[in-house]
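Observations on chain architecture
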Amino acid sequence: MKYVDEFRDPELISGVLRELGRTVDPARRYRIMEVCGGHTHSIYRHGLRDVLPANIELVHGPGCPVCVLPTGRVDDGLTIADHDDVILTCFGDMMRVPGTRGTPLELKARGADIRMVYSPLDALRIAIEHPAKRVCFFAIGFETTAPSTALTILRAQAEGVTNFSVFSNHVTIVPAMRAILDSPDMRIDGFVGPGHVSSITGCRPYEFIARDYGKPVVVAGFEPLDIIEAILMILRQLHAGEARVENQYKRIVPWDGNLPALRALARVFELRPYFEWRGLGFISQSALALKSEFAGFDAERLFDVAGLRVTDPRGAQCGEVLKGVLKPPQCKLFGTECNPEHPVGALMVSSEGACAAHYRYSLHAQEVPAAP
Amino acid sequence: MCLAIPGQIVAFSAELPFMARVDVGGVQRNVNVGLLEEGEVKTGDWVLIHVGFALSKIDEAEAQNQLRMLRAMGEDALALEEVLGYRFAETAAGADEIRR
Amino acid sequence: MTSVQPSRKTPRFADMQIEMAHGAGGTASRRLLEGLIGPYFANPALQAFGDAATLAVGSERIATTADGFVVRPLRFPGGSIGELAVNGTLNDLAVSAAKPIALMATLILEAGLPTSVLESEIEAMAIAARKAGVPIVGGDTKVVEHGQADGMYVSTFGIGVLDGRATLDAAAIRPGDQVLLSGPIGAHGITILLARGDLELEADLVSDTRPVWPFVEALLDRAAGGLRWMRDPTRGGVATALNELVRAGACGVAIFEDRVPMHPAVRGACELLGLDPLHIANEGQFLAVVAPGDADAALAAVRGIPGGEGATLIGEVRAEPRRRVIGVNGYGGTRVIDMLVGDPLPRIC
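These lines cover the structure that appears in this document, whether it is placed above or below.

What counts as what
What you see as residue numbers is a count from 1 along each chain, following the sequence as written. Lettering for chains starts from A, numbering for ligands starts from 1, and both go in the order in which the items are written. A pLDDT threshold of at least 70 governs which residues receive local features in this predicted model, and a stricter bar of 80 or more applies before side-chain atom pairs are shown or counted, although totals over entire chains, interfaces and linings include all residues. Helix and strand labels come from DSSP, where a helix needs a run of H or I of at least four residues and a strand needs a run of E of at least two; each type is numbered from the N terminus. Field definition: a residue is buried when 20 or more other C-beta atoms are found within 10 Å of its C-beta, exposed when 12 or fewer are, and partly exposed for counts in between, with C-beta atoms placed from the backbone. Note on contacts: residues are paired as contacts if their backbone-placed C-beta atoms lie within 7 Å. Amino acids outside the nonpolar list (Ala, Val, Leu, Ile, Met, Phe, Trp, Tyr, Cys, Pro) and the charged list (Asp, Glu, Lys, Arg) are all regarded as polar, and Gly is one of them. Between any two strands, pairing holds if DSSP finds at least two bridges. Orientation is described by lines fitted to C-alpha atoms, with helices fitted over the stretch in contact, and by angles between N-to-C directions that extend from 0 to 180 degrees.

A few words now on the overall build of chain B. Secondary structure assignment for chain B yields 2 helices and 5 strands. A total of 100 residues make up chain B; the buried ones form 38% of that total.

So, in structure tokens, the structure goes:
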């Protein structure tokens, strides 16, 4: 596969690893946060932790939109499916996320009309094909995905569709990164920036991290070669005492971002004053809601959404793992009560969640280490 | 959020100007190109696909550039390892000693 | 009528209702089998939980297998439910090193099913059975209300005679043994996924459904002495089959990921949807673990049969990590290849 295989080439990777081995300072410990869940997944999937120098520690960040979705929001979305005339649509990632009454798959087994879609456009098509039903799309995702939702809403408007709505849980990455940076127990030396979010936002939004916090940020692609090169670039900055934003993913990410996508976002969405992030608490200006102009497509206005807060189960330490303070095996529930088959916390549900990735891919997952 | 895959545009829809047919390793799907600037992509171009939309045109020159640079880096690193393996530095120091 | 107490050696099945995951062939299916069904039926032949049960009948050793076929759509590129039912049942026997001798089939039909559809499936079953040289000697038919049975379900029973040349036992695998895969993976599962139409993907891909006995027979002819274990990687894919191999034993398996063959469209679909090809169902493949000295002969044997050209040695048995299946890539990175939990779901993250 073009643009994939070349970046998984074992020889090329070995070469860059060699260079990384030469560059790393053996007397130093590096803590690098990879913000995006896609990077977490890729790191585990390609066994990168085996081949990176041992003094480079990768900390998994909060860039997993399923992981940061509070249970209360899941419940809100699922109650929309309670209506007999509603078809609730969502991505595959959502189907096994536990709400208080069960997962979408379990509710579907009990008779709710919940359908998995690959694209929000598929949800719109279902709405057009079922004029007597109300079709609601449970939208999740960061800036990578939000523009697609925005265009779908504009398309629905253009075609005069009146039975389609979106339950928006889109969140933005920068406020979460800021929350991590402001966290007293954080100690991160540099960031691997989210490659696909940046294909929309560009690289400028991260400049404050370099400027105000003095940390390098390298926006990276998702293939093993990309991730390793990005780590190398961070190390070079650290050794030179620099803190800049760099773009490793130049074949995809334009420095100024994707203008049509940003325009679509601005047209359809506005920032919520605040939004709850599971494990991180309430963060201001961190999530997207539909503008009032699009009220006819806004599930929160069309349906009675309870908006209840549901606290995390006792013992679940999702927040600390999300912030990189704890490693997955250090959570008391890891591997015992909380595992991919019966996830307690959202970090175990999503295959890119730090806990699920660690459990499923890491050889040492089953040996739960002693408490720190 | 992050799963996006490169695909090649094989055709544009005749009826819908914002839809294109994209090929990913032999699998084809109709993809919305409305997030790209008008005229930015043509048949044969490669794009990044996510949830049925093209997010970005892939810059082939940048990709080749990067691969070329990384290849050179890897070869340099290998050459350096070999040089260190020949222990030129120590041999030179030893030769200096003898000359003194 | 006295009630039967289930014999209890494994944890009780605690799920409150049956979910789709319990039929996906992964860990949930395993829990149902071991935690609910097995304890009630407890007997030695069952306890092995193999593809087929082996029974001694006089001086003969017989293998029997039962299978259920539920597929939507009924017809798909490369085959249909009838063909799947015949081949699938025969393959369960084949990978138990049993030469299939007869089949029976029960049809559960939905009221309203067009006769033409039923006839197509009966014909497909007849053709598949004739091609494999195995007669369909009986069965049953039931009709259920409209709205049930997705058109039709097929349930089968197969019987075969164990080939005495091989003794298959998961416990017999040893470090150094080679893992042989008969051909490219994922074709069936991805074909079905695409045929459902929900994802709006198209590809030039067909199901790989076919009888594997000819390949197994060739393997037995050339390398029976070194043959330790076989399995057909249906639901749950290669990953699940290999995990089932190692889970109770003293060894692990390492798969060299770059060696696993697959059709480019399977790869493309899996990358696009975020699926792992090792978790995708196959209906015309088998895995065999062979002693190192016999591996080359085994490979040559399978490759020598038309349709076996794609056979590859994809991995090896190792002492560590035990009870695990790991994937090894070309630059030394490893990952755990886990068993499927529920149905593989496309993801966007």
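With 42 residues of chain A at the contact, the number on the chain B side is 34 residues. Mapped by element, the contributors of at least two residues to the side of chain A that touches chain B are helix 1 (10–23), helix 2 (37–45), helix 6 (120–129), helix 7 (146–158), helix 9 (195–201), helix 11 (224–239) and helix 12 (259–268) of chain A. For the side of chain A that touches chain B, the element with the highest residue contribution is helix 1 of chain A, accounting for 7 residues. The residue makeup of the side of chain A that touches chain B, split by class, is 21 nonpolar, 13 polar and 8 charged.

Counting buried positions along helix 8 (residues 264–273) of chain C yields 8 of 10 residues, so the element is predominantly enclosed. Turning to helix 8 of chain C, its buried residues are C:A265, C:V266, C:R267, C:G268, C:A269, C:C270, C:L272 and C:L273. As for helix 8 of chain C, its buried residues are in contact with strand 1 (5–12), strand 2 (19–24) and strand 3 (27–32) of chain B together with helix 5 (187–195) and strand 9 (202–203) of chain C. After helix 8 of chain C finishes, the residue C:G274 shows a positive phi value of roughly 75 degrees.

Moving on: the sheet that holds strand 5 (residues 134–141) of chain A. The strands making up a sheet are joined through hydrogen bonds of the backbone, oriented either antiparallel or parallel. All names here are of chain A. Taken in spatial order, the 4 strands line up as 4-3-5-6 in an open sheet, and their pairing is parallel. The outermost strands of the open sheet, each flanked by one partner alone, are strand 4 (114–116) and strand 6 (164–170). Neighbouring strand axes in the sheet, compared pairwise and without regard to direction, differ in orientation by 25 degrees on average. Bridge count for strand 5 against strand 6 is 7 bridges, and the pairing is parallel. Directly across from V135, in strand 6, lies its bridge partner F164. Contacting strand 3 (86–90), strand 5 and strand 6, helix 4 (residues 71–80) crosses the sheet at an angle of about 170 degrees to strand 6.

Turning to the interface of chain C and chain B, a few remarks are in order. Opposite the 16 residues of chain C that make contact, chain B presents 12 residues. For the side of chain C that touches chain B, the elements supplying multiple residues, two or more each, are strand 9 and helix 8 of chain C. Per-element accounting of the side of chain C that touches chain B gives the leading share, 7 residues, to helix 8 of chain C. Along the lines of polarity and charge, the residues of the side of chain C that touches chain B split into 8 nonpolar, 2 polar and 6 charged. Alignment of strand 3 of chain B against strand 9 of chain C, held across 2 bridges, turns out to be antiparallel.

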